[in-house]
Amino acid sequence: GHTVHLRQVSKHYGRTAALTDIDLHVEPGQFLVLLGPSGSGKSTLIRTLAGVEHLDRGRLHLGGTLMDDGRRRLPPERRDLAMVFQDYALWPHLTAAGNVDYALRRRKLTAAEAGRRRAEALDRVGLAHLAGRYPHELSGGEQQRVALARAVVGNPRLLLFDEPLSNLDADLRERLRVEIATLTRQSGATAVYITHDQSEAFALADVIGVLDKGKLVQLGPPEAIYHDP
Ligand code: ADP
Ligand code: ADP
């Protein structure tokens, strides 16, 4: 997994300070959960890691490589990461298999190798039998499993999750939470995971970062984080 290293990172939207002086260090393979109220900067932080937002000040390193220093930055496809979204963000015109293949499009793989990897990824999320279905033919939980397969199929060093379970009912949330933890650990990737659900955070995290008004106000293992009972 990537080392994630932020040093004095700040980001504004006009006059809104979305992130202020963030210092953060995550070791390879660790699972970081970002907690905080709406508007506290969680999405901005994860989008900065992904490279779809750039920072105003500070430095971001992933795996020891400088990704963004406020002047130059590497694009998302050069960062060896994948992202999972709240709304799944599957291509509606592609089947489950096609969506997973899409993540491999830039790799120079033979058709046989791509097919083997796709089958393995779909199998790991229990969807081998639904490979030919389109997103609108799948339940919400199944769609998110396709998105998980798409995220892990390329074996990225960093997995980013933006409230991936928020649209699912409680039962499914708990099952998918366990699947995400298992898949991530098996892949060896470092994970950064946004939620506003405290029980989810404490169940998943090696490290919790609490954001408030764009500042990282707490950072540490779950047992060291203050939490409302
Ligand atoms: P969270 O994910 O914790 O809800 P965000 O990172 O989305 O927080 O937002 C942090 C702050 O930045 C908020 O004040 C929000 O209104 C603002 N913000 C986020 N995205 C934009 C944007 N594209 N344009 C202007 N302001 C934004
Ligand atoms: P600076 O003030 O230069 O940002 P830092 O304390 O952030 O100082 O780290 C110094 C340099 O060490 C950084 O520029 C970065 O290249 C490197 N570095 C330190 N820790 C890490 C890490 N865990 N992963 C990647 N690079 C790191």
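See above for the structure.
This one's a predicted model, so the numbers in the text were calculated from it and none came from an experiment.

Novice: Help me understand the overall build of the protein, please; the structure alone is not making it clear to me.
Specialist: Secondary structure summary: the protein contains six helices and 10 strands in total. Against the compact-globule benchmark of 17 Å for 229 residues, the protein has a radius of gyration of 17 Å, which places it among compact chains. Projecting the C-alpha coordinates of the protein onto the three principal axes gives extents of approximately 45 × 45 × 30 Å. Sequence-distant contacts, at least 24 apart, represent 67% of the contacts inside the protein between residues at least 6 apart. Counting every atom, the protein has about 11,300 Å² of accessible surface; 48% of that belongs to carbon and sulfur. Measuring between centres, the 30 positive side-chain charges of the protein sit 8 Å from its 28 negative side-chain charges.

Novice: Would you take a moment to explain the site of ligand 1 for this structure?
Specialist: Around ligand 1, the surrounding shell consists of Tyr13, Thr16, Ala18, Pro37, Ser38, Gly39, Ser40, Gly41, Lys42, Ser43 and Thr44. A distance of 2.9 Å is found between an oxygen atom of ligand 1 and a side-chain nitrogen or oxygen belonging to Lys42. Summarising the interface, the protein chains cover 58% of the accessible area of ligand 1, which totals 550 Å² for the free molecule. When contributions to the shell around ligand 1 are tallied by element, the ones reaching two or more residues are strand 2 (16-26) and helix 1 (42-50). The element that contributes the greatest number of residues to the shell around ligand 1 is helix 1, accounting for three residues. Its residues assigned to classes, the shell around ligand 1 comprises three nonpolar, seven polar and one charged.

Novice: What exactly am I supposed to notice about helix 1 here?
Specialist: Each turn of an α-helix holds 3.6 residues, which means side chains three or four residues apart point in the same direction. Counting buried positions along helix 1 yields seven of nine residues, so the element is predominantly enclosed. All buried positions along helix 1 are accounted for by Lys42, Thr44, Leu45, Ile46, Thr48, Leu49 and Ala50. Downstream of helix 1 by one or two residues, Gly51 has phi in the positive range, about 95°.

Calculation criteria
- Residues numbered from 1 in each chain as written.
- Chains lettered and ligands numbered in written order.
- Predicted model: local features only at pLDDT ≥ 70, side-chain atom pairs only at ≥ 80, totals over all residues.
- Heavy atoms only, no water.
- Helix = DSSP H or I, 4+ residues; strand = E, 2+ residues; numbered from the N terminus.
- Rg over C-alpha atoms; globule rule 2.2 N^0.38 Å.
- Contact = heavy atoms within 4.5 Å.
- Areas by Shrake-Rupley, 256 points an atom, 1.4 Å probe, with all protein chains shown as cover.
- Lys, Arg positive; Asp, Glu negative; His and termini not counted.
- Charge placed at Lys NZ, Arg CZ, Asp CG, Glu CD.
- Near = heavy atom within 4 Å.
- Polar contact = N/O pair within 3.5 Å; in protein donor to acceptor, adjacent residues only side chain to side chain.
- Nonpolar A, V, L, I, M, F, W, Y, C, P; charged D, E, K, R; others polar.
- Buried < 20%, exposed > 50% of the residue type's maximum accessible area, 1.4 Å probe, protein only.

That's the geometry; what it means functionally is another story.
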